[in-house]
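# Understanding the architecture of this molecule
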Amino acid sequence: MTKRWRHAAAARCGWIAEKIGTVHLINADLHSHSNVSDGTLPPEVLAQRAAANGVEVWALTDHDELGGQARARAAALAAGMDHLTGVEISVSFAGETVHIVGLGFDEGNTALHEGLAATRAGRLQRAHEMAAGLAKVGIGGAFEGALKYVGNPDLISRTHFARFLVDTGVCTDTHAVFRRYLTQGHPGYVPHQWARLSDAVRWISGAGGIAVIAHPARYRFSPTAEYALITEFMAHGGRGIEVMTGSHGVADQIKYADIALEFGLLASRGSDFHSPTESRCDLGSLPDLPGRLTPVWQALEHRITRAANTAAA
Ligand code: AMP
Ligand code: MN
Ligand code: MN
Ligand code: MN
């Protein structure tokens, strides 16, 4: 992708790159989902799309699952991109679900695998309860309906229910489904206990990776609770925060760039791409990180598998 194209894409995602002075020009996309979790594309197709959009360092970060990692790395290298391992772990903190992205870990690590398996357990039961809630408002067959969209039933998520409700004409898009049915106070919402923050951070760092707070602006925290999240996360060994993500507007990008500096956190950049028709931000199309921040990929140099080295070998 040309620099000019990237500036246009950056503007579309809500940021004029010229306003922030110097920038890190590596096109890293360190947050994305395949159909191994709740994305719609296989890891191989995702890798090709990322490379076509100019991504230079890529991580697939499926929810609570490493099943797509080997395929993602092979596809990334074949497409000429450098590769980092990735995962997005669901955590419960202060009454809210928080997502912690792990990057650059050893994907064979046993404690990480066991922790993720424990985090996945319970998704099926929750899905049955969600379907029961939807049945009460006249939407029948939602469990079986959602299951048709799932590659791995252990990873059945609200996104699969949202796709079912769009395809059956209940809502026109997945965002409307979340608003009307799948968030707190609505009929298909079932509270769930995910992993502990301390455990998720420990699994990632114990496997040699770096833990990153995903899309921080999405949580409905008071300033006090947000401060608690960041300080506890760091006390457990967490080191990074997403500044450029598909779910941040310009004000969020500025706020979390300042927070990264204030707390000495590494900054990350990732589209959180799930699907060509559902995602607002495409792979590799986010604004660059402001130059005053330290990108998380700089601290992970030694964990990156380089496409160039692979081609030469
Ligand atoms: P779950 O892990 O089953 O609770 O599902 C969470 C997933 O739902 C997230 O990873 C997003 O992909 C998706 N999601 C959450 N909120 C929304 C929203 N408002 N609109 C569209 N997708 C959403
Ligand atoms: Mn998702
Ligand atoms: Mn997330
Ligand atoms: Mn995500």
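Residues numbered from 1 in each chain as written. Chains lettered and ligands numbered in written order. Predicted model: local features only at pLDDT ≥ 70, side-chain atom pairs only at ≥ 80, totals over all residues. Heavy atoms only, no water.

### Describing the overall build of the chain
Per the secondary structure count, the chain includes 13 helices and 11 strands. The globule rule puts the C-alpha radius of gyration for 313 residues at 20 Å, and the 19 Å found for the chain is close to it. Taking the principal axes of its C-alpha atoms as reference, the chain extends roughly 55 × 40 × 40 Å. Within the chain, the proportion of its 313 residues that are buried is 54%. Look at the contacts in the chain between residues 6 or more apart in sequence, and 73% of them connect residues 24 or more apart. Carbon and sulfur atoms make up 53% of the accessible area of the chain, which totals about 12900 Å². In the chain, which carries 28 positive and 31 negative side-chain charges, the distance between the mean positions of the two groups comes to 4 Å. (Helix = DSSP H or I, 4+ residues; strand = E, 2+ residues; numbered from the N terminus. Rg over C-alpha atoms; globule rule 2.2 N^0.38 Å. Buried < 20%, exposed > 50% of the residue type's maximum accessible area, 1.4 Å probe, protein only. Contact = heavy atoms within 4.5 Å. Areas by Shrake-Rupley, 256 points an atom, 1.4 Å probe, with all protein chains shown as cover. Lys, Arg positive; Asp, Glu negative; His and termini not counted. Charge placed at Lys NZ, Arg CZ, Asp CG, Glu CD.)

### Some details on the sheet that holds strand S3 (residues 57-58)
The sheet built from 3 strands is open, its strands ordered S2-S3-S4 with parallel pairing. Across the chains shown, the open sheet's two edge strands, defined by having one partner strand only, are strand S2 (28-29) and strand S4 (82-83). With 2 bridges joining them, S2 and S3 adopt parallel strand pairing. Residue pairing across strands places Asp 29 opposite Trp 58, the latter belonging to S3. (Pairing = 2+ DSSP bridges.)

### Some words on the sheet that holds strand S6 (residues 96-103)
Strand order in the open sheet formed by 6 strands is S7-S5-S6-S8-S9-S10, and the pairing between neighbours is mixed. Single-partner strands in this sheet number two, and they are strand S7 (195-196) and strand S10 (266-270). Where strand S5 (residues 86-93) lies against S7, 2 bridges are found, and the strand directions are parallel. The partner of Ser 92 across the bridge, within S7, is Arg 196.

### As for the environment of Gly 115
With respect to the helices and strands, the residue Gly 115 is situated in helix H4 (residues 110-120). Exposure remark for Gly 115: the relative accessible area of 4% places this residue in the buried category. Considered as a pair, Gly 115 and Ala 195 are 80 residues apart in the sequence and their alpha carbons are 8.1 Å apart.

### Thoughts on the site of ligand 1
Taken together, Asp 38, His 63, His 99, Arg 123, Arg 126, Ser 157, Arg 158, Thr 159, His 175, Phe 178, Arg 218 and His 274 form the complete shell of residues around ligand 1. For ligand 1, whose accessible area on its own is 510 Å², the fraction buried by protein is 83%. For the shell around ligand 1, the secondary structure elements donating two or more residues are helix H5 (123-136), helix H7 (158-167) and helix H8 (174-182). Residues belonging to the shell around ligand 1 are distributed by class as follows: 1 nonpolar, 6 polar and 5 charged. (Near = heavy atom within 4 Å. Nonpolar A, V, L, I, M, F, W, Y, C, P; charged D, E, K, R; others polar.)

### Here we look at the environment of Leu 266
Structurally, Leu 266 can be placed in strand S10. Linking Leu 266 and Gly 238, residues 28 residues apart in sequence, is a C-alpha distance of 9.7 Å. Discounting residues that sit within four places of it in the chain, Leu 266 has contacts with Ile 210, Arg 239, Gly 240, Ile 241, Thr 294, Pro 295, Val 296 and Ala 299.

### Some thoughts on the coordination of the manganese ion (ligand 2)
In this structure, Asp 38 (OD), His 63 (NE2) and His 274 (NE2) serve as the protein donors to the manganese ion (ligand 2), at separations of 2.2 Å. In this structure the manganese ion (ligand 3) is found 5.5 Å away from the manganese ion (ligand 2). Placement of His 63 in the loop between S3 and helix H3 (69-78) and of His 274 in the loop between S10 and strand S11 (289-290) is noted, with a sequence separation of 211 residues between them. A single burial state applies to His 63 and to His 274, both of which are buried. (Donors = N, O, S within 2.8 Å, 3.2 Å for Na, K, Ca; no water.)

### Details of the pairing of S6
Within S6, 7 of the 8 residues are buried, leaving the element largely enclosed by the surrounding structure. Inspection of the sheet shows S5 paired to S6 by 8 bridges, in the antiparallel sense. Paired with Ile 89 across the bridge in S6 is Ile 100. Linking two consecutive strands that pair antiparallel, namely S5 and S6, is a turn of 2 residues; a positive phi of about 50° is found at Ala 94 within it. Alignment of S6 against strand S8 (residues 210-213), held across 4 bridges, turns out to be antiparallel. Residue pairing for S8: Ile 100 is matched across the bridge by Ile 213.

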